[in-house]
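Below, each chain spelled out in residue letters.
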Amino acid sequence: MRKVVLSGTPYETGRQQGEAFADLVAAAIQMVVPEGRYADDHRARVLAQVERNMERVFPEALEELHGIADGANVPYDDLLAYNSCQELGRMQQGCTNFVLVTPEHGIVHYKSNDVSLEALKFHVYLEAHPDSGHDFIGVTWAGTAWMNAGINESGLTYGGGSLPNSDSDWDHGLPANVALRYFLQYPDDVAGALALVEQTPIMSHGHNMVFTDPAGNGAVVERTPTAMGIRRLDDHAIWASNHCLVEDVKPMLRKDNESFMANSHGRYDLLEKLTAEQPHSLEQVIAIARAHAEPTSMCQHGPDMHTVIGYVMIPAERRMLIAYGRPCENEFEEYTFAAESAPVSSGV
């Protein structure tokens, strides 16, 4: 997996990222928002609203995007469209999270990225030292102000998954993927993350967001543009796939894709079984990440969703273990702040 260390102002960190991944940024734009995919008037309206909303809520993200565009030598409007792809037109994405409380490591947080096979090459590792908020490490798509999964210097972890929804807040909301980075960079702990999620408007795409911290706190936040529900970690485990359980959020869930919903419920039910064995361990987390079952697996091999990367986050130790590629076929490598990565043998 390609890596970069970023530091400075939002524009400077953006330019550094753009220069490091210029080839990937151009290729990602071509895959995600190719010329002609969206009608010009639709694209212009959406992007103008995105800019207005980001300027009001998270203006440093716009500065960062200008830096990425300059560093990668790509048109800024194309880069903004790439970063706002879920607002221009929904792309189906899955992803699963679970959290176990272990005697040796405290909380361990796992997230999968369940997307298309061709998306793997766009996943890159960042160590960021921004001039505001917390330093953080994590993985994102090259050329974005997003965050797939990460941990900040306070030990707050973030991981999430798509929540297909029917509501929207076009007048005020942030692009959902950009907001995810915001929720990792600024809060100190789970309580701070929940407060920031509650006060931050979301434009159109729902998420199940999972946060943990070194003090032993953990929560699943079911968030759509007009609804929010919280499920808190009990004494040993919590998990989330791509549907909601909180009553206030359930009415916002789209149910038109029956196979996707069946897959989400299948993963959720599988996790209920796999997390039952206690005491928990880091080895158990790795084994669950690699689990195959009928009719639904944790490590997915298609036809619609593929688990292209897996992340283990340990808040008390400020470190991540990342399997680049299918977790069942690849070793997890360790990543920490200001440290080189090293292979981790099959379980630890």
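The structure this text deals with has already been given above.
Here we summarise the structure given alongside this text.

So, how was this worked out
Residues numbered from 1 in each chain as written. Predicted model: local features only at pLDDT ≥ 70, side-chain atom pairs only at ≥ 80, totals over all residues. Heavy atoms only, no water. Helix = DSSP H or I, 4+ residues; strand = E, 2+ residues; numbered from the N terminus. Buried < 20%, exposed > 50% of the residue type's maximum accessible area, 1.4 Å probe, protein only. Contact = heavy atoms within 4.5 Å. Areas by Shrake-Rupley, 256 points an atom, 1.4 Å probe, with all protein chains shown as cover. Axes fitted to C-alpha atoms, helices over the stretch in contact; angles between N-to-C directions. Parallel < 35°, antiparallel > 145°, perpendicular 65-115°, else oblique. Salt bridge = Lys/Arg side-chain N within 4 Å of Asp/Glu carboxyl O. Pairing = 2+ DSSP bridges.

1. Description of the overall build of the protein chain
Logical step 1: Summing up its helical and strand segments, the protein chain has 10 helices and 15 strands in all.
Logical step 2: The buried share of the protein chain, taken over its 348 residues, is 61%.
Logical step 3: Long-range pairs, those at least 24 residues apart, make up 66% of the contacts in the protein chain between residues at least 6 apart in sequence.
Logical step 4: When the accessible surface of the protein chain is summed, it comes to about 13,000 Å², and 48% of that surface belongs to carbon and sulfur atoms.

2. Details of the packing of helix H3 (residues 40-57) against helix H4 (residues 59-72)
Logical step 1: Two elements in contact, H3 and H4, have axes separated by 5 Å at closest approach and are oriented at 120°. In terms of axis orientation, H3 runs oblique to H4. Residue-level contacts link Glu51, Met54, Glu55 and Val57 of H3 to Pro59, Ala61, Leu62 and Leu65 of H4.

3. Some thoughts on the pattern of salt bridges
Logical step 1: For the structure on display, the rule yields 13 salt bridges.
Logical step 2: A salt bridge links Arg2 to Asp23, with the nearest nitrogen and oxygen atoms 3.0 Å apart. Residue Arg2 is found in the segment before strand S1 (3-8), and its partner Asp23 is found in helix H2 (residues 22-32); the two are separated by 21 residues along the sequence.
Logical step 3: Overall, Arg2 belongs to the partly exposed group, its relative accessible area being 35%.
Logical step 4: Across the pair Arg290 and Glu331 runs a salt bridge whose closest N-O atoms are separated by 4.0 Å. Taken together, the positions of Arg290 in the loop between helix H10 (282-289) and strand S12 (306-314) and Glu331 in the loop between strand S13 (319-324) and strand S14 (332-336) put the pair 41 residues apart, joining distant regions of the chain.
Logical step 5: Connected via shared salt-bridge partners are Glu317, Arg319 and Glu334.

4. Things to note about the sheet that holds strand S6 (residues 149-152)
Logical step 1: With respect to topology, eight strands assemble into an open sheet ordered S1-S4-S5-S6-S7-S8-S9-S10, the strand pairing being mixed. The sheet terminates laterally at S1 and strand S10 (227-232), the two strands that pair on one side only. On average, each strand axis in the sheet is tilted by 25° relative to the strand beside it, whichever way the strands run.
Logical step 2: Judged from the six bridges that link them, strand S4 (residues 123-130) and strand S5 (residues 136-141) form a sheet pairing that is antiparallel. Directly across from Glu127, in S5, lies its bridge partner Ile137.
Logical step 3: Along the sheet, helix H1 (residues 10-20) contacts S1, S4 and S5; its crossing angle with S1, the most-contacted strand, is approximately 160°.

5. Notes on the pairing of S4
Logical step 1: Burial runs high along S4: seven of the eight residues are buried.
Logical step 2: The hairpin turn running from S4 into S5, its antiparallel successor, is five residues long, and Gly133 in that turn takes a positive phi close to 80°.

6. A look at the environment of Ala61
Logical step 1: Looking at the secondary structure, you find Ala61 in helix H4.
Logical step 2: Residue Ala61 is classed as buried on the basis of its relative accessible area, which comes to 0%.
Logical step 3: Linking Ala61 and Ala179, residues 118 residues apart in sequence, is a C-alpha distance of 9.4 Å.
Logical step 4: Residues within four places of Ala61 in sequence aside, it is in contact with Met54 and Val178.

Honestly, it's all geometry; don't read function into it.
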